[in-house]
Structures are given as structure tokens and as C-alpha cells.
Amino acid sequence: MRYLGCRVPAIIAALSIALWSREASAQSRVGLGVIDGTVSDTNLVVLSDATASILGSTVHVTTGGNGRFRIQGLHAGEYLLVVHRLGFKPMSASVVIAGADTLRMSFTLERIATVLDTVSVIGERYTARMSQFELRRKAGFGHFLTVDDIDKRHAVQFADLIRAIPSVEVIDNGFSQVAANMRGMTSLLGGGCAFQLFVDDVPLSTINLRDL
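The rules behind these values
- Residues numbered from 1 in each chain as written.
- Predicted model: local features only at pLDDT ≥ 70, side-chain atom pairs only at ≥ 80, totals over all residues.
- Heavy atoms only, no water.
- Helix = DSSP H or I, 4+ residues; strand = E, 2+ residues; numbered from the N terminus.
- Buried < 20%, exposed > 50% of the residue type's maximum accessible area, 1.4 Å probe, protein only.
- Contact = heavy atoms within 4.5 Å.
- Areas by Shrake-Rupley, 256 points an atom, 1.4 Å probe, with all protein chains shown as cover.
- Core = buried A, V, L, I, M, F, W, Y, C linked by side-chain atoms within 4.5 Å.
- Pairing = 2+ DSSP bridges.
- Phe/Tyr/Trp six-rings, centres within 6.5 Å; stacked < 30°, edge-to-face > 60°.
- Axes fitted to C-alpha atoms, helices over the stretch in contact; angles between N-to-C directions.
- Salt bridge = Lys/Arg side-chain N within 4 Å of Asp/Glu carboxyl O.

A word on the overall build of the protein chain. When helices and strands are counted, the protein chain shows five helices and 12 strands. For the protein chain, the residues scored as buried account for 22% of the 212 residues in total. Considering only residue pairs separated by 6 or more positions, the protein chain has 46% of its internal contacts joining residues 24 or more positions apart. Approximately 15,700 Å² of the protein chain is accessible, and the part contributed by carbon and sulfur atoms is 58%.

In C-alpha cells, the structure reads:
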């Protein structure tokens, strides 16, 4: 009898602890709700890396590649859920958790339209030939005469325009004028090599400047 008297209270105590643990566990689950949501744009394309958070708390989760998020362990009450993503207007919704329910929600975020300041561009349109002229001039190779250069010189004859160009000499024998290249061995030997003249990419049959 003494043996039974020692064991019975111990068994009763163990049963009491087990029942209490199960009851406490059940009570801890009562009132815990879940929010299961999706986030997409106005074209119904799911958005990853969007953040869903509960205002005034540290609760925040991020959507995955399928645009879904899940918030668990919410006690009964009213919450303000905020969803935002970079480049989109944030959204908020009031959520009421009544018990151990799962609320399914969807959010459609509107993309932020960025309005740029008006920019005015003033440019000149070149023909293909003038485009090549400008490319060579910007490259810095050679000597070039622009319209402004021609106007500044007030030249009467074409020969007057090119006299000031380095390495170019106008040879005049009284009957003709020839633009000659004074670079290289030809200039050292006392003569120049006459330039072939082109007008609008067409080679001229004459090299006499007086004919121009």
C-alpha cells in the first residue's frame, strides 16, 4: 500500500502537466491569423521584391518570384497593411483578423510615371558629303574652309581663298593659275605637284584656277 501511495500522486501530477501543456498549446493557437497575398502591376504581371509590412510593427515580408507573400501569427485585431515596391505607388489596406483565419488578398501597384523636363535641341542637318567634311574636320587632319571662313576673306577669285592654306602655293605664269602642293621632295627640287580639283565629288578636267 505504501508503494501505491507513492506512485499514484506522481502519475496524477504527470497527467495534469500533460493536459495543461495541451491546453496551453491550443490556447496559443486561438486567434492567430494568416494573410496570404499577391502583388502585381496594372498589366497583371506579378512583382517580386515587393515589401508587405504592418504599420507600427516590425513585421515585413518580401514577395518571391511568383509575387506572393505570407504573414503568419497575427492575433485578432485590426491592422494596416502597406505594400510598396521601388518604381511603383504604394498601397495600403485595413485588415481585420477575427480569429484563426487565412485572409487572401491581392494588390495591384501602379507604376510611377517619371516626367522629364522639356529639352530643346537645336542642330544642323548635313548632307552625306558635308557629314564627311565635318567628320574629317573634327578629327583634326588637314585644313578646312567653312562658309564663315570664306565670308571673312572677301575673296574675288578662288585662288585668293587657298593662298593662306599651309603647304599650298598658287603658281601664276600669266596665262594660268595652278594650286600646287609644296610638301615633300617636289618642293625641295624647286617645283610643286599640282592638285587635282574636285567639285561635288566630280574631278574637273582642268587644274587652271582661272577657269573656276
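Further remarks concern the nonpolar core. Counting residues in each nonpolar core, the largest one holds 18 residues, and the members touching the most others are Ile 35, Val 39, Phe 69, Ile 71, Leu 81, Met 105 and Phe 107. Not counting residues within four places of it along the chain, the set of residues in contact with Phe 69 comprises Ile 35, Asp 36, Gly 37, Thr 38, Val 39, Ala 52, Val 61, Thr 63, Leu 81 and Phe 107. Among the nonpolar cores identified, the runner-up in size contains seven residues, and Ile 162, Ile 165, Val 170 and Ala 179 belong to it.

Its place among the elements puts Thr 51 in strand S2 (residues 51-54). Classification of Thr 51 as buried rests on a relative accessible area of 18%. Those residues in contact with Thr 51 that lie beyond four places of it in its chain are His 60, Val 61, Thr 62, Val 82, Val 83 and His 84.

Burial within strand S9 (residues 177-181) is extensive, with four of its five residues counted as buried. Sheet analysis places strand S8 (residues 168-172) next to S9, joined by five bridges and oriented antiparallel. Counted as the bridge partner of Asp 172 is Gln 177 from S9. Here two bridges tie S9 to strand S10 (residues 193-194), and the two strands are oriented antiparallel to one another. Each residue of the ladder has a partner; that of Asn 181, found in S10, is Cys 193.

Let us look at the packing of aromatic side chains. Counted according to the given criterion, the structure contains one aromatic pair. Judged by centre distance (6.3 Å) and plane angle (40 degrees), the ring pair of Phe 69 and Phe 107 falls under tilted. With Phe 69 in strand S4 (residues 68-74) and Phe 107 in strand S7 (residues 102-109), this pair connects stretches of sequence that are 38 residues apart. Accessibility assignment for this pair places Phe 69 and Phe 107 in one class, buried.

For residues other than glycine, phi is negative in most cases, and the peptide bonds are mostly trans. A positive phi angle, near 65 degrees, is found at Leu 44, a position not held by glycine. With respect to the helices and strands, Leu 44 occurs in the loop between strand S1 (33-41) and S2. Its identity as a non-glycine residue notwithstanding, Asp 49 has a phi of 65 degrees, on the positive side. Within the fold, Asp 49 resides in the loop between S1 and S2.

Another aspect to go through is the sheet that holds strand S5 (residues 77-84). Ordered in space as S3-S2-S5-S6, the four strands form an open sheet in which the pairing is antiparallel. Bordering the open sheet on either side are strand S3 (60-62) and strand S6 (91-97), each of which pairs with just one other strand. Across the sheet, the mean angle separating the axes of adjacent strands is 20 degrees when strand polarity is ignored.

As a further point, take the pattern of salt bridges. Counting across every chain of the model gives four salt bridges. Here Arg 104 makes a salt bridge to Asp 36, at a shortest N to O gap of 2.9 Å. Pair noted here: Arg 104 is in strand S7 and Asp 36 is in strand S1, with a separation of 68 residues, a long-range link. Judged by relative accessible area, Arg 104 falls into the exposed class, the value being 64%. Using a relative accessible area of 9% as the deciding quantity, one classes Asp 36 as buried.

Another point: the sheet that holds S9. Within a sheet, each strand pairs with its neighbour through backbone hydrogen bonds, oriented either parallel or antiparallel. Ordered by their spatial adjacency, three strands build an open sheet running S8-S9-S10, and the pairing between neighbours is antiparallel. Looking along the sheet, the strands with just one partner apiece sit at the ends: S8 and S10.

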